[in-house]
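Chains, contacts and geometry: an overview
The lines below spell out each chain.
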Amino acid sequence: MAWPATRDFQTDTQLMRQLDKSPSQIQELRSNAPAPVPQTARALRDASSQPVASGFEALDQALGGGVSRGRVTELVGRAGAGKTQGCLTLAAACASRGEAMVYVDTEGSFRAQRLWQVAEARGATNSEELLQRVHVLRPQNREELLAALETGVVEERARQARAALVVVDSVAAAARGGTSSGRSDLIDRQRWLARAAAALKKVACGADCAVVVTNHVMADLKAQDGCDAVTAALGFTWHHAVNVRVMLDHVNGRRTGRVEKSCSDAESAFTYGIGSAGLMEAVEAPALSPAQRERIERNRAAALAKRRRRS
């Protein structure tokens, strides 16, 4: 029996249902799967697909031309940092080029009007054609999201539409939507994250598209006292699952992004703003007065102390 490479991303249970085989037969199939054929780096370079550009030059340069196909790229940031705006910027860029994309909205934050505003600001002229290229799914909980990923609903839609991009906004909101509590919920969440990560990578490879997900942040308890540092949420299981991580932040009116993790690009940083065109070149904000700076620092210190008391 032929063994497509995409089956390496599926669990034994999935394969047992799909192939109608016993656990021992699945293990035998895995052990008899052909070994990968060696290829030169030049052949791999020539065979790689073009990345999906956002149209925002600073972000595209930081990512080596855009979001890579066949990989999972994560946008991380505080509330209001611009994660959803980054997703809409990518979606508008794809649709404006005549490419389809799949948008999985777990938070209810997707707005077709905002998508068209971003696209129009970037030169799009036909709203009906552009919005027709964006396929939106709205799972109500993490079980529905996982089912859409593992059963092939998302991948099949991406294949049929020849989508260049799949967005999941956000993974964190879905992961925290479990019904259990306490330690059992934590264990269930980590298992869910492992399965979701494997399914997302399967979508990226199987549909030859870029997968972009968003994630929340939490206080970095390892940071020095008095430092309002944050880190990506969802823990180590998820940290090792994503291929590229872009951290978005805004402090004292200044928005900065940095590539914290990438399997193909060097660490880099950039500044950005949010406007009618989504993520865009930063506009210098007026300098804050000493009183404004003092108030901001006081509020930040109070918020940090409150988070530490809760932890």
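You'll find the structure just up there.
Residues numbered from 1 in each chain as written. Predicted model: local features only at pLDDT ≥ 70, side-chain atom pairs only at ≥ 80, totals over all residues. Heavy atoms only, no water.

Here Leu-279 is to be found in strand β12 (residues 278–280). Spatially, the C-alpha atoms of Leu-279 and Thr-84 are 9.8 Å apart, while their sequence positions differ by 195 residues. The residues touching Leu-279, leaving out its near neighbours within four places in the chain, are Phe-56, Leu-59, Gly-82, Gln-85, Gly-86, Thr-89, Arg-122, Tyr-272, Gly-273 and Ile-274. (Helix = DSSP H or I, 4+ residues; strand = E, 2+ residues; numbered from the N terminus. Contact = heavy atoms within 4.5 Å.)

The way to describe two aromatic rings as a pair is by their centre distance and the angle between their planes. Tallied over the full model, the rule gives three aromatic pairs. Summarising the aromatic geometry, the rings of Tyr-103 and Phe-110 are spaced 4.8 Å apart at their centres and angled 50° between planes, so their arrangement reads as tilted. One exposure class covers both Tyr-103 and Phe-110, and it is buried. By the ring-pair criterion, three or more aromatic residues cluster together here, those being Phe-56, Phe-270 and Tyr-272. (Phe/Tyr/Trp six-rings, centres within 6.5 Å; stacked < 30°, edge-to-face > 60°. Buried < 20%, exposed > 50% of the residue type's maximum accessible area, 1.4 Å probe, protein only.)

The next point concerns the sheet that holds strand β2 (residues 100–105). Taken in spatial order, the eight strands make up an open sheet running β3-β2-β4-β5-β1-β8-β9-β10, and their pairing is mixed. The outermost strands of the open sheet, each flanked by one partner alone, are β3 (134–137) and β10 (269–271). Shown here is a sheet whose adjacent strand axes are inclined to one another by a mean of 20°, direction ignored. With five bridges joining them, strand β1 (residues 72–77) and strand β8 (residues 244–251) adopt parallel strand pairing. Looking at the pairing, Val-76 lines up with Met-247 of β8. Contacts from helix α9 (residues 153–161) reach β2, β3 and β4 (163–169), with the element oriented near 155° to β2. (Pairing = 2+ DSSP bridges. Axes fitted to C-alpha atoms, helices over the stretch in contact; angles between N-to-C directions.)

Let us now look at helix α6 (residues 112–121). Among the residues making up α6, those that are buried are Arg-114, Leu-115, Trp-116, Val-118 and Ala-119. Here the buried face of α6 lies against α5 (83–96), α7 (127–132), β3, β11 (273–275) and β12.

Our next topic: the pairing of β8. One face of the sheet, then the other: side chains in a regular strand alternate in exactly this way. Of all eight residues in β8, six are buried, a share of seventy percent or more. Here β8 hands over to strand β9 (residues 254–262) after two residues, with Asn-252 in that stretch at a positive phi of 55°.

A few words now on the environment of Leu-304. By secondary structure assignment, the location of Leu-304 is in helix α13 (residues 290–310). C-alpha of Leu-304 to C-alpha of Ala-229: the two residues are 75 residues apart in sequence and 8.9 Å apart in space.

Membership of the largest hydrophobic core comes to 37 residues, with the highest contact counts inside it found for Tyr-103, Leu-115, Leu-165, Val-212, Val-246 and Phe-270. Counting only elements with at least two residues in this core, the list comes to α4 (57–62), α5, β2, α6, β4, β5 (210–215) and β8. Of the residues forming this core, the biggest block, seven residues, is contributed by α5. Look past the residues within four positions of Phe-270 in its chain and what remains in contact with it is Phe-56, Ala-58, Leu-59, Ala-62, Val-246, Leu-248, Arg-255, Thr-256, Gly-257 and Arg-258. Within the second largest apolar cluster, 35 residues are counted, among which are Leu-137, Leu-146, Val-168 and Ala-174. (Core = buried A, V, L, I, M, F, W, Y, C linked by side-chain atoms within 4.5 Å.)

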